[in-house]
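Results of the structural survey
These are the residues of each chain, in order.
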Amino acid sequence: MNLIEQLQKAGIPLAEQEPMTRRTTFGIGGPALLLRPRSRAELQAAMTLCREAGEEPFILGRGSNLLVSDSGISRPVIQLDGDFTAITREGNTLRCGAGASLIAVCRAAAENSLSGIEWGYGIPGSLGGGVYMNAGAYGGELRDVLTEVTFLDEAGEYRTLPAAELSLSYRHSIFEDRPGTVIVGAVLTLTPGDPAAIRAAMEDYMSRRREKQPLEYGSAGSTFKRPVGNYASALVDQCGLKGLSVGGAEVSRKHAGFIINRGGATAADVRELIAEVQRIVREKTGYTLECEIKYIE
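Structure report, in brief. All values reported here derive from a predicted model rather than from experimental measurement. (Residues numbered from 1 in each chain as written. Predicted model: local features only at pLDDT ≥ 70, side-chain atom pairs only at ≥ 80, totals over all residues. Heavy atoms only, no water.)

Some points on helix α2 (residues 40–52)
With 13 residues, α2 extends 18 Å from end C-alpha to end C-alpha; this agrees with the ideal 18 Å at 1.5 Å per step. Restricting attention to buried positions, one finds in α2 the residues E42, L43, A46, M47, L49 and C50. Directly beyond the C-terminal end of α2, a positive phi value near 80 degrees is found at G54. (Helix = DSSP H or I, 4+ residues; strand = E, 2+ residues; numbered from the N terminus. Expected span 1.5 Å × (residues − 1). Buried < 20%, exposed > 50% of the residue type's maximum accessible area, 1.4 Å probe, protein only.)

A few points about the pattern of salt bridges
Under the criterion given, the structure shown has 20 salt bridges. R208 is the partner of D204 in a salt bridge, and the nearest nitrogen-oxygen pair spans 2.9 Å. Here D204 and its partner R208 are both found in helix α5 (residues 195–212), 4 residues apart, which amounts to about one turn of the helix. Residue R279 pairs with E283 through a salt bridge whose shortest N-O separation is 3.1 Å. Of this pair, R279 and E283 both sit in helix α7 (residues 267–285), separated by 4 residues, roughly a single helical turn. Accessibility expressed as a relative area gives 58% for E283, which makes it exposed. Among the charged side chains, a network of salt bridges with common partners joins E141, R143, R171 and E292. (Salt bridge = Lys/Arg side-chain N within 4 Å of Asp/Glu carboxyl O.)

Examining the sheet that holds strand β3 (residues 58–59)
Reading across the sheet, the 4 strands line up as β1-β2-β5-β3 and stay open at both edges, with mixed pairing between neighbours. Among the strands making up the open sheet, the edge pair consists of β1 (14–19) and β3. In the sheet, strand β2 (residues 31–35) pairs with strand β5 (residues 77–78) via 2 bridges, with the strands oriented parallel. If you follow L35 over to β5, its bridge partner there is I78. (Pairing = 2+ DSSP bridges.)

Quick word on α7
Over its 19 residues, α7 runs 27 Å from end to end, which matches the ideal 27 Å to within 8%, given 1.5 Å per residue. On its buried side, α7 packs onto β4 (66–68), α6 (232–238), β16 (245–246), β17 (249–251), β18 (258–261) and β19 (294–296). (Contact = heavy atoms within 4.5 Å.)

Some remarks on unusual backbone geometry
Trans peptide bonds make up most of the peptide bonds, and negative phi angles are found at most residues other than glycine. Even without glycine at this site, N134 takes up a positive phi of about 50 degrees. Within the secondary structure, N134 sits in the loop between α4 (127–132) and β9 (136–137). With a relative accessible area of 0%, N134 lands in the buried category. Positive phi, normally seen in glycine, also occurs at S167, with a value near 50 degrees. Topologically, S167 is positioned in the loop between β12 (158–162) and β13 (182–189). A relative accessible area of 46% places S167 in the partly exposed class.

Focus: the side chain of E42
Tracing the backbone shows E42 in helix α2. Residue classification places E42 among the buried positions, given a relative accessible area of 13%. In contact with E42, other than residues within four places in its own chain, are G11, I12, P13, R36 and P37.

Quick look at the sheet that holds strand β7 (residues 93–97)
Spatially, the 5 strands line up as an open sheet ordered β6-β7-β13-β11-β12, and their pairing is antiparallel. Among the strands making up the open sheet, the edge pair consists of β6 (87–90) and β12. On average, each strand axis in the sheet is tilted by 20 degrees relative to the strand beside it, whichever way the strands run. Bridging between strand β11 (residues 146–152) and β12 involves 5 bridges; their strand directions are antiparallel. Residue pairing across strands places T150 opposite T160, the latter belonging to β12. In this fold helix α3 (residues 102–111) packs onto β6, β7 and β13, with an angle of close to 155 degrees to the strand it touches most, β7. (Axes fitted to C-alpha atoms, helices over the stretch in contact; angles between N-to-C directions.)

Describing the packing of aromatic side chains
Per the stated rule, a full pass over the model turns up 2 aromatic pairs. Each ring, one from F151 and one from F175, has its centre 5.2 Å from the other, and the planes form 70 degrees; the classification is edge-to-face. One end of the pair, F151, is in strand β11; the other, F175, is in the loop between β12 and β13, and 24 residues separate them in sequence. No difference in accessibility class separates F151 from F175, as the two residues are buried. Its guanidinium or amino end placed over the ring of Y158, R40 lies 5.0 Å from that ring's centre, counting from NZ or CZ. R226 extends its terminal NZ or CZ atom over the ring of Y170, reaching a point 4.6 Å from the ring centre. (Phe/Tyr/Trp six-rings, centres within 6.5 Å; stacked < 30°, edge-to-face > 60°. Lys NZ or Arg CZ within 6 Å of the ring centre and 35° of its normal.)

Interpretation note: all reported values are geometric properties and have no functional meaning in isolation.
Right, here's the structure in full:
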């Protein structure tokens with residue numbers, strides 16, 4: 001019995017040739033075997049079966065910080081579904097599944113008059129992906145509100161750690177150093193607030209994003225990490241690179257920190273454009289821009 005047959009026998013929902021163009025905000029990428037476990041038991045089974053077959057799965061959030069190879073992903077892809085998208089309130093905390101979108105988490109906080117994560121409204125990623133990279137915007141970060149995280153460890157057992165033990169820093173968590181783990185949920189501790197003020201703040205952040213970011217095009221968000229002492233978008237703009245393109249990929253004319261898919265862009269186009277921007281910025285300013293987008297093949 002091959003891996004797909006074993007996964008089907010275990011009742012794990014899957015798609016054998018799922019186009020990653022449909023699973024990434026860039027709208028780029030070839031096919032992959034996509035598994036969508038709906039419960040902790042299904043996730044454990046999926047991880048065990050894949051590993052027994054010699055295939056280490058790739059964990060996909062909502063594909064918002066990702067560039068997938070044009071040939072697709074060579075290993076199974078797991079995207080959490082079902083129970084992993086649930087959000088429940090417990091006092092001033094929200095217990096959230098890792099598969100829930102950050103937008104859904106922000107809405108749940110607002111519905112329960114809880115403040116502290118308004119800055120995340122409009123970020124297209126999942127909560128799990130946000131925890132993985134300690135997502136942040138407009139001066140806020142997940143580590144400001146994160147209490148604890150539950151994950152499936154390398155041995156296939158569920159564990160919970162307090163936020164203080166997650167090595168949270170700028171765009172980093174302990175999970176980046178432990179690729180065999182799967183974040184499944186998190187608890188956020190928020191502050192009671194005025195619902196009208198919370199919603200107004202959320203709409204303000206969303207309006208700022210619409211005004212300044214090229215949301216009308218596919219992208220993976222900010223292309224480069226913020227270098228010490230400067231801003232990536234300012235450096236790219238300073239070098240006159242807005243509008244620079246390779247194939248269907250272009251440095252946004254609206255926001256220099258974004259590389260966009262103007263239509264038909266390939267992963268090869270994006271990678272070539274990233275390398276060219278890095279080269280020019282380094283030569284003209286002395287800064288080395290580190291890519292924030294994860295490339296997977």
